[in-house]
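Breakdown of the fold
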Amino acid sequence: MSKAFTKESDGPEDDDGDGPSLPALPLGTRNYLTPAGYARLRAEFMTLLDDERPKVVEIVSWAAKNGDRSENGDYLYGKKRLREIDRRLRFLTKRLDIAEVADPSVHHGSDQIFFGATVTYANARGEEKTITIKGIDESDSLAGEVSWISPIARTLLKARVGDELQLVTPVGVERIEVVDVSYPAPSA
């Protein structure tokens, strides 16, 4: 079948498998971000739009003038990179449009867990773990950051220091206790 008769989609299922993609937001939920997370996404958007895309367009334009495009590596790889940039720009546009910036510093000094909290909890064996609850687009598990929609974050949200909670894991229910809660200090 000719490629001319295939459907192209810009929806969340539009993924070529070229790279990692972030999970989709559950229906009806908001895209909460910390101010720093929003600034990072915005900076990435502006860098792609103002710096990278114009450079790639210039390379593709130059390569297109060189003749046979079917064997022109600059043209082929440039077009591929342009598609990747455009896909990421569409994704960032959608996420930034629905972003809701929640400043965790407004809870500074509170012992209750809300979005943006850094929480230390202990399991039944006495092992302590510290995590920070962030937005789905900014969390980094290697840095101890979890998305606010993750099972551990959902278990911890609205709990207070000293509360004992039941965390449902793939191997069963684990009892955890909230040891400490902290928030960033408000900026002056």
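These remarks concern the structure in this document. Every value quoted in this text rests on a predicted model; they were computed, and no experiment measured them.

Further remarks concern the packing of aromatic side chains. Applying the stated criterion across every chain, the model contains two aromatic pairs. Centre to centre, the rings of tyrosine 32 and phenylalanine 115 are 5.9 Å apart; their planes meet at 40°, and the pair counts as tilted. Taken together, the positions of tyrosine 32 in strand β1 (residues 31-33) and phenylalanine 115 in the loop between β2 (99-101) and β3 (118-123) put the pair 83 residues apart, joining distant regions of the chain. Note on phenylalanine 115: relative accessible area 12%, which makes it buried. The interplanar angle of 80° and the centroid separation of 5.2 Å between the aromatic rings of tyrosine 32 and tryptophan 148 together place this pair among those described as edge-to-face. Here the residue tyrosine 32 occupies a position in strand β1, and tryptophan 148 occupies one in the loop between β5 (145-147) and α3 (151-156), the gap between them amounting to 116 residues. Cluster of aromatic residues (ring-pair linked, three or more members): Tyr32, Phe115 and Trp148.

The next point concerns the pattern of salt bridges. In this structure the tally under the stated criterion is eleven salt bridges. The salt bridge involving glutamate 44 is made with arginine 88; its shortest N-O contact spans 2.7 Å. One end of the pair, glutamate 44, is in helix α1 (residues 35-64); the other, arginine 88, is in helix α2 (residues 73-97), with 44 residues separating them in the sequence. Residues joined in a network through salt bridges with shared partners are Glu52, Lys80, Arg81 and Glu84.

This part takes up the nonpolar core. Counting 19 residues, the largest nonpolar core has Ile113, Val119, Ile152, Leu156 and Val178 as its most contacted members. Sorting the residues of this core by element identifies β3, β4 (128-134), α3, β6 (164-169) and β7 (172-182) as the ones contributing at least two each. Beyond its immediate sequence surroundings of up to four residues, valine 119 is in contact with Ile113, Lys129, Thr130, Ile131, Ile133, Leu156, Val178 and Asp180.

This paragraph deals with the pairing of β3. Within β3, five of the six residues are buried, leaving the element largely enclosed by the surrounding structure. Two strands pair when backbone bridges link them, and β3 and β4 are joined in this way by five bridges, in the antiparallel orientation. Note that in β4 the partner of valine 119 across the bridge is isoleucine 131. Once β3 ends, the chain turns through four residues before running back antiparallel as β4, passing glycine 126 with a positive phi of about 85°. Taken together, the six bridges between β3 and β7 define a ladder with antiparallel strand orientation. Looking across to β7, one finds that valine 119 is bridged to valine 181.

As a further point, take the pairing of β6. With six bridges joining them, β6 and β7 adopt antiparallel strand pairing. When the sheet's bridge partners are listed, threonine 169 is paired in β7 with glycine 172. The loop that links β6 with its antiparallel partner β7 comprises two residues.

Further remarks concern α2. Given a rise of 1.5 Å per residue, 25 residues ought to cover 36 Å, and the 36 Å separating the end C-alpha atoms of α2 matches this to within 8%. Among the residues of α2, those classed as buried are Tyr75, Gly78, Leu82, Ile85, Arg87, Leu89, Leu92, Arg95 and Leu96. In this fold, the buried residues of α2 make contact with β1, α1 and β2.

Turning our eyes to something else, we now look at the environment of alanine 117. Within the element layout of this structure, alanine 117 appears in the loop between β2 and β3. Overall, the relative accessible area of 0% leaves alanine 117 in the buried class. It is 9.1 Å that separates the C-alpha atoms of alanine 117 and leucine 157, two residues lying 40 residues apart in sequence.

Parameters and conventions
In this convention, every chain numbers its residues from 1, walking through the sequence in written order. Reporting of local features is limited, given that this is a predicted model, to residues whose pLDDT is at least 70; pairs of side-chain atoms are given and counted only at 80 or more, and all residues count toward the totals for whole chains, interfaces and linings. To get the side-chain values, all heavy atoms of the structure are used, and hydrogens and water are removed first. We call Phe, Tyr and Trp rings a pair once their centres come within 6.5 Å, taking the six-membered ring for Trp, and we label the pair stacked below 30 degrees between planes, edge-to-face above 60, and tilted otherwise. Runs of H or I in DSSP of at least four residues are treated as helices and runs of E of at least two as strands, each being numbered from the N terminus. Throughout, exposure labels follow a simple rule: accessible area from a 1.4 Å probe, protein chains only, divided by the maximum for the residue type, with under 20% read as buried, over 50% as exposed, and the rest as partly exposed. Any carboxyl oxygen of Asp or Glu that lies within 4 Å of a side-chain nitrogen of Lys or Arg is treated as forming a salt bridge with it. Definition of nonpolar core: a set of buried residues of the types Ala, Val, Leu, Ile, Met, Phe, Trp, Tyr and Cys, connected through side-chain atoms within 4.5 Å. By the convention used here, residues are in contact when the closest approach between their heavy atoms is within 4.5 Å. One requirement defines pairing of two strands: DSSP has to find at least two bridges between them. Given a helix with a known number of residues, its expected span is that number minus one, times 1.5 Å.

Just geometry here; none of it tells us what the structure is for.
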